Amino acid sequence: MRRRFLLLALLLGAAGEPPQQPFLRIEAGAHTAPVARLAVDAGGGLLASASDDKTLRLWNLPEGTQRLVIRPPIGTAEDGELYAVAMSPDGRRVAAAGFTGQSWDGVFCLYLYDARSGRLLARLSGLPAPVQHLAFSADGRRLAAALGARAGIRVWDATSGQTLFEDAAGYGGPARMLAFDRAGRLASTAADGHVRIYDPAGRRLADRVPLAGARPFGLAWSPDGGLVAIGYEDRLRVEILAAADLRSVALPDITGLTGEGLPAVAWAGDGQGGVQLHAAGYARLATPITPPGRAFVIRRWTDFGLGPSTDIPAARDAIAHLLALPGGGVAYAAADPGWGRVGPDGQLAFAPRPPGADFRATGASLTAMEEGTKLRVILRPDEAPIQFDALDGQLAPAGEAPGFLPARTASPRLPMADWRNSNRPRLGQQPIRLGDGEYARSLAILLREDGFLLGTDTHLRLFDAAGRPVDALPVPGAVWGVTVAGDVAVAALGDGTLRWYRLTGGRLAEQAALFIEAETRRWVLWTPEGLFDHAANGGQDLVGVLLNRGRAQGTEWASFRQAYRALYSPLAVRRRIAGDQAPAQKRLAQLGEVRERIGRLPVLAPGNGPCAVVADDCLPLAWDAKTLPEGAQALRLRLSATDRGLGIGPLDVLVNDRIAARSETGAGESQIEVPLDPGPNRIATRLYAEDRTLFADGPTLALRRAGEAEPPPEAGRLVVLAIGVNRYANPELNLRFAVPDAEEVAGLLRAGAGPLFRETRIRLLRDAEATRRGVLDALSAAAEEVAPGDTFILYIAGHGIRTEPDNRFLFLPQDTRDTSNWAALRAQGIDDGALVAALARIRARDAVLLLDTCHAGQLTMEQLSALGNETGRFLLAASGSVQEALDSYDDRNGVFAYALREGLRGRAPMDAEGRVSALGLGEWVVRRVPELARQRQHQQDAVFRTAQRDLRSFPIAQVPRP
């Protein structure tokens, strides 16, 4: 049957293919555009959400953690936006559709995916209009779709894909929603005002217009199938109809609400045998909530909608869908964006959690200066403004703002009118033409008053002084704010990004985009070609590259984190914003065809199920297991690697975002064992291509220990390995202050350990002790010694170089003699791969890498940051620029060690008890090193990076209080 379904799906529709260029997409672990629909399995453990951001996401219930992201093929405009989702009752299949497939097929389609793996199972094409809603029958044997335009509804056999029935006759407007009852009857609503009910064979049982001139939208069957609740999109009205003939039975009270409509309804259990009716949409309280916050409410009536009601403040924007959950309560989709959940008791379990900025109310705060390289903006309502310096890569709270230019929206020469939230803006009395249904949201008059920019829902448009269109670029979200600085425009978009555009010769050209994660302030900055920079505390996982394959094939995805070595290029990004294209062009010429390489990444798939090591046994687990057996000490994984043309490099396993094991494996099955942390364990796997510039994500697990909460914070040990090399086997390499730096830092860490650690163990390797064998043996000894509760710090001072042509980090140990060629240096040195493999065996949850190794003046931020990205550890390192690092600042220590000394003695930020954290020390050193170097007429920087997704700092020293 499955083969027949696939064949039918592939044969339907035209022979076009999706666009093949790379698409750069935000991936912030949540939706970045309005969520349209939700679906749930019969067991209530898995929820699916579909969004305008062109992703389908699967979530664990009841906690609401993300399980899987599915990305259908997309186009350059709206193609790929998802308006509908349905899940089979057994939770194995999920269907999604919307504005899908039309730009290459000429018709629309829906996709059917495996809900566990995200694999595309089938594609049904030939649909004449976008899909507005989807529903599986209670037995999972039928799949129904409500279609836009006047295309009506269709119902398929969910196994074979064969059409069972369709009804377009008499639909005078788009079908809105549909739902099956337990007996197999199907109800639908439509914008023509009709509510229709069909029997399982597709015959109409009832057809009625409940209220003349009104548009029913939301639809829900009562649990016993005797009633149908209807919510209207164009008025505050909820109506309960008898399912047999659709006559009106009751009108729940909507007193106290204001707004345009209630298009979402659901009946849901209260966990005690009762049934409550819920409705939402554009409804707000007639008496505003103070403070405003979540102004959009869900009204909940007791006793099937006939009893008294309560209002639940639920969202900051309109609520598009209410979904009854099998265990009681409802989930709701909102334009915030995001989704939330109301418990069976009517209490809000959690609200939508948008990951980025919300410029709808703050876009007008956007200002810029210095050709747009410095920005000032408010990310969310009621927050303080922030300032971003694109050339320094610094994000900070904004102080006073002299010199920042807001958008000019008024000018006697260009009298713009009716432009805000309007589809009929004017220049004087002359109408400015926009697209059908397109609304203007923002305006900026050019500095020379020779034209203006209009930001709309779909485009950034450039007009001349006479109001004639000059150029336009499509945008991934409404342009809520735009300003101009010199020949650069900066826009604040509805997807949470800030984007730079250069105005040259009457043309708009995008230069870069910035996404800031609002809660953590992690950020990522990237060019249209995919080169990127990111915050010291992470951000490389916030954007990635999506590649379409064939129209009936799944897409390829690689986050910037996966392509770190290939695409991380902060200098090229910053120069691009400043107007210099050369560094980006040079880097891209070196990279070659990145798209083709991403499409050939190796595949890492689950093998036979993992098992948990308990004493002498290994107890089997499923790949979707959530709980570890009691006493589990390690996890044994079986994985399968497939080469697709780039060769196979190392296989990494990360535990709680840090590397725990690295295996040099080849194609086929392999087994790898990793130790587990106390408490929860997040397991991630990744497989590198042979040249290690790209890696593919593999299976993941999120495991908790039965009945165990997070482990209590207990004092562990501080374990330090400090390495310094002054006197090399090749005297030409000798240094003066690497050994004193290592001794100084080790002493500072010992002095600062104080009450933070129950014991401090420090090992120093000086000169002849720091041979290649000596360093690797010391790291192996640390792996044996260090326990999960300990803090490990590795400090290395000596020569570090960048290899050519592969741009790898290479530390030169003391026994380096031959420097005549790269092959000789690689044979004697310790490259980043060996360093990562050694660190993978060190189990400390908290660790810092301190690398003072750029004395050769070749190491840049790119190589050092890549090392931090791969280890998942805090990385603080000296970074060379155009000259060698300054060997000494005070004839005692180098600049990097001097800054560390200041920070550990109390110059770095401290808490109330005088504790210096890894994060605080990193921020201090990064700021201080360039200052110290400039005092000696030198140029040097420092790099601070972490690849952890859940940023968690930790103390490393305590300064005595006076």
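Once a new chain begins, its residue numbering starts again from 1 and follows that chain's sequence as written. In view of the model being predicted, local features appear only for residues whose pLDDT reaches at least 70, and side-chain atom pairs are presented and counted only at 80 or more, with totals across whole chains, interfaces and linings using the full set of residues. Side-chain figures throughout are based on the complete set of non-hydrogen atoms in the structure, without hydrogens or water.

1. With respect to the overall build of the protein
Working step 1: The helix and strand inventory of the protein stands at 13 helices and 71 strands.
Working step 2: C-alpha atoms define the radius of gyration, and 2.2 Å times the number of residues to the power 0.38 defines the globule rule. The C-alpha radius of gyration computed for the protein amounts to 30 Å, which stays within 12% of the reference 30 Å derived for 962 residues, consistent with globular compactness.
Working step 3: C-alpha atoms of the protein, sized along the principal axes, occupy 95 × 80 × 60 Å.
Working step 4: The 962 residues of the protein split such that 59% are buried.
Working step 5: Between two residues, a contact is recorded if the distance between any of their heavy atoms is within 4.5 Å. Sequence-distant contacts in the protein: of pairs separated by 6 or more residues, those separated by 24 or more amount to 56%.
Working step 6: Note on areas: Shrake-Rupley with a 1.4 Å probe; residue coverage comes only from the protein chains shown. Total accessible area on the protein stands at roughly 36500 Å², and carbon and sulfur atoms take up 49% of it.
Working step 7: Asp and Glu count as negative and Lys and Arg as positive, but His and the ends of the chain are not part of the count. Throughout, a charge is located at the NZ atom of Lys, the CZ atom of Arg, the CG atom of Asp or the CD atom of Glu. If the 109 positive side-chain charges of the protein are averaged to one point and the 110 negative ones to another, these points end up 2 Å apart. Think of it this way: any DSSP run of H or I at least four residues long counts as a helix, any run of E at least two long counts as a strand, and we number them from the N terminus. Think of it in three bands: residues with accessible area under 20% of the maximum for their type are buried, residues over 50% are exposed, and the middle band is partly exposed, with areas taken using a 1.4 Å probe on protein chains only.

2. Focus on the state of the cysteines
Working step 1: The definition used for a disulfide is geometric: two cysteine sulfur atoms within 2.5 Å. Following the criterion strictly, the structure yields 1 disulfide and no others.
Working step 2: One disulfide in the model links C611 with C618; its S-S distance is 1.9 Å. The sign of the 80 degrees torsion about the S-S bond sets the C611-C618 disulfide as right-handed.

3. Here we look at the UniProt feature "repeat: WD" (unreviewed entry) in the protein
Working step 1: UniProt positions are given in the numbering used here, feature names are shortened, and annotations may be inferred rather than shown by experiment. In the numbering adopted here, UniProt assigns the feature "repeat: WD" (unreviewed entry) to residues 28–69.
Working step 2: Between the first and last C-alpha atoms of residues 28–69 the distance is 11 Å; the span itself is 0% helix and 50% strand.

4. Here's the deal with the pattern of salt bridges
Working step 1: What counts as a salt bridge is simple: a side-chain nitrogen of Lys or Arg found within 4 Å of a carboxyl oxygen of Asp or Glu. All told, the structure shown has 63 salt bridges when counted by the stated rule.
Working step 2: Taking the shortest distance from any N to any O, the salt bridge between R551 and D105 comes out at 3.5 Å. Here the residue R551 occupies a position in the loop between β49 (543–547) and β50 (556–559), and D105 occupies one in helix α2 (residues 102–105), the gap between them amounting to 446 residues. Of the two residues, R551 and D105, neither departs from the other in class, the shared state being buried.
Working step 3: Residues D418 and R426 are paired through a salt bridge, measuring 3.0 Å at the closest nitrogen-oxygen approach.
Working step 4: One network of salt bridges, with partners in common, ties together D167, D192, R196, R204 and D207.

5. Some details on helix α13 (residues 918–935)
Working step 1: Helix span is expected to be 1.5 Å times the residue number reduced by one. Compared with an ideal rise of 1.5 Å per residue, which puts 18 residues at 26 Å, α13 spans 26 Å between its outermost C-alpha atoms and is within 8% of the ideal.
Working step 2: A residue's bend is the angle separating two fitted axes: one through the seven residues that end there, the other through the seven that start there. At R928, α13 shows its strongest bend, of approximately 30 degrees, with the proline P930 following within four residues.
Working step 3: With its phi angle positive at about 55 degrees, Q937 sits one or two positions after the end of α13.

6. Brief notes about the packing of aromatic side chains
Working step 1: To pair, rings of Phe, Tyr and Trp, with the six-membered ring standing in for Trp, must have centres within 6.5 Å; the planes then decide the type, stacked if under 30 degrees apart, edge-to-face if over 60, and tilted in the middle. Inspection of every chain in the model, using the stated rule, returns 15 aromatic pairs.
Working step 2: Taken together through their ring pairs, the aromatic side chains of F532, F560, Y564 and Y568 make up a single cluster.
Working step 3: Lying over the aromatic face of W557, R71 brings its terminal NZ or CZ to 3.7 Å of the ring centre.
Working step 4: For R686, the ring lying beneath its charged end belongs to F695, and the centroid distance is 4.7 Å. For a Lys NZ or an Arg CZ to count as sitting over a ring, it must be within 6 Å of the ring centre and within 35 degrees of the ring normal.

7. What about the nonpolar core?
Working step 1: In plain words, nonpolar cores are sets of buried Ala, Val, Leu, Ile, Met, Phe, Trp, Tyr and Cys residues tied together by side-chain atoms within 4.5 Å. The biggest cluster of nonpolar side chains holds 53 residues, and the ones touching the most others in it are W500, L525, W526 and L567.
Working step 2: If one sorts the elements of this core by residue count, strand β46 (residues 507–516) sits on top with 5 residues.

8. Points about the environment of S117
Working step 1: With respect to the helices and strands, the residue S117 is situated in the loop between β8 (108–114) and β9 (120–127).
Working step 2: When the C-alpha atoms of S117 and P699 are compared, they prove to be 9.2 Å apart, with 582 residues separating the residues in sequence.
Working step 3: Separated by 3.2 Å, the side chain of S117 and the backbone nitrogen of R119 make a polar contact. Definition of a polar contact: a pair of N or O atoms within 3.5 Å, with one able to donate and the other able to accept a hydrogen when the atoms are protein atoms, and with sequence-neighbouring residues admitted only if both atoms are side-chain atoms.

9. Considering the packing of helix α7 (residues 738–753) against helix α12 (residues 895–907)
Working step 1: Axis separation between α7 and α12 bottoms out at 10 Å; the angle between their running directions is 10 degrees. In terms of orientation, α7 lies roughly parallel with respect to α12. Only A897, L900, R901, L904 and R905 of α12 make contact with α7, whose side of the interface consists of D741, E744, V745, L748 and L749. Between the N-to-C directions of two axes lies an angle of 0 to 180 degrees, each axis being a line fitted to C-alpha atoms and, for a helix, fitted only over the stretch in contact. Each angle gets one of four labels, with under 35 degrees taken as roughly parallel, over 145 as roughly antiparallel, 65 to 115 as roughly perpendicular, and the rest as oblique.

10. Description of the sheet that holds strand β40 (residues 451–456)
Working step 1: Strand order in this open sheet of 4 strands is β39-β40-β41-β42, and the pairing throughout is antiparallel. In this open sheet, the two edge strands, each paired with only one partner strand, are β39 (440–445) and β42 (469–474). Between one strand axis and the next, the sheet turns by 15 degrees as a mean value, whatever way the strands run.
Working step 2: As paired elements, strand β41 (residues 459–464) and β42 share 5 bridges and run antiparallel to each other. Counted as the bridge partner of R461 is A472 from β42. Pairing between two strands requires that DSSP report at least two bridges joining them.

11. A closer look at the pairing of strand β57 (residues 658–664)
Working step 1: Counting buried positions along β57 gives 5 out of 7 residues, so the element sits mostly inside the fold.
Working step 2: The sheet contact formed by strand β56 (residues 650–655) and β57 spans 6 bridges and is antiparallel. Residue pairing across strands places V655 opposite R658, the latter belonging to β57.
Working step 3: With antiparallel pairing between neighbouring strands as the criterion, β56 and β57 make up a hairpin whose turn holds 2 residues, including N656 at a positive phi of roughly 50 degrees.

12. Digging into unusual backbone geometry
Working step 1: Omega for the peptide link from D336 to P337 comes to 10 degrees, which places this bond in the cis form.
Working step 2: As for its position among the elements, P337 is in the loop between β29 (330–334) and β30 (338–342).
Working step 3: Unlike most non-glycine residues, N656 shows phi in positive territory, near 50 degrees.
Working step 4: Along the polypeptide, N656 turns up in the loop between β56 and β57.
Working step 5: The backbone of D767 sits at a positive phi, close to 45 degrees, despite the residue not being glycine.
Working step 6: Examined against the element boundaries, D767 turns out to sit in the loop between β62 (759–766) and α8 (772–785).

13. Notes on the pairing of strand β20 (residues 238–242)
Working step 1: Within β20, 5 of the 5 residues are buried, leaving the element largely enclosed by the surrounding structure.
Working step 2: Of the two faces of β20, the one carrying V238, I240 and A242 and the one carrying E239 and L241 are both buried.
Working step 3: As paired elements, strand β19 (residues 227–232) and β20 share 5 bridges and run antiparallel to each other. Pairing of V228 across the sheet is with L241, part of β20.
Working step 4: What sits between the antiparallel neighbours β19 and β20 is a turn of 5 residues.
Working step 5: In the sheet, β20 pairs with strand β21 (residues 248–250) via 2 bridges, with the strands oriented antiparallel. Within β21, the residue paired with I240 across the bridge is A250.
Working step 6: Taking the residues that link successive antiparallel strands as the turn, the β20-β21 hairpin has 5 residues, and the phi of L246 there is positive, at about 65 degrees.

14. Remarks on the sheet that holds β29
Working step 1: Judged by pairing direction, the sheet is antiparallel, and its 4 strands sit side by side in the order β28-β29-β30-β31 without closing on themselves. Each edge of the open sheet carries a strand with a single partner, namely β28 (319–324) and β31 (348–350). Neighbour-to-neighbour, the strand axes of the sheet open up by a mean angle of 25 degrees, direction not taken into account.
Working step 2: As judged from the 2 bridges shared by β30 and β31, these two strands associate in the antiparallel manner. Each residue of the ladder has a partner; that of R341, found in β31, is F350.

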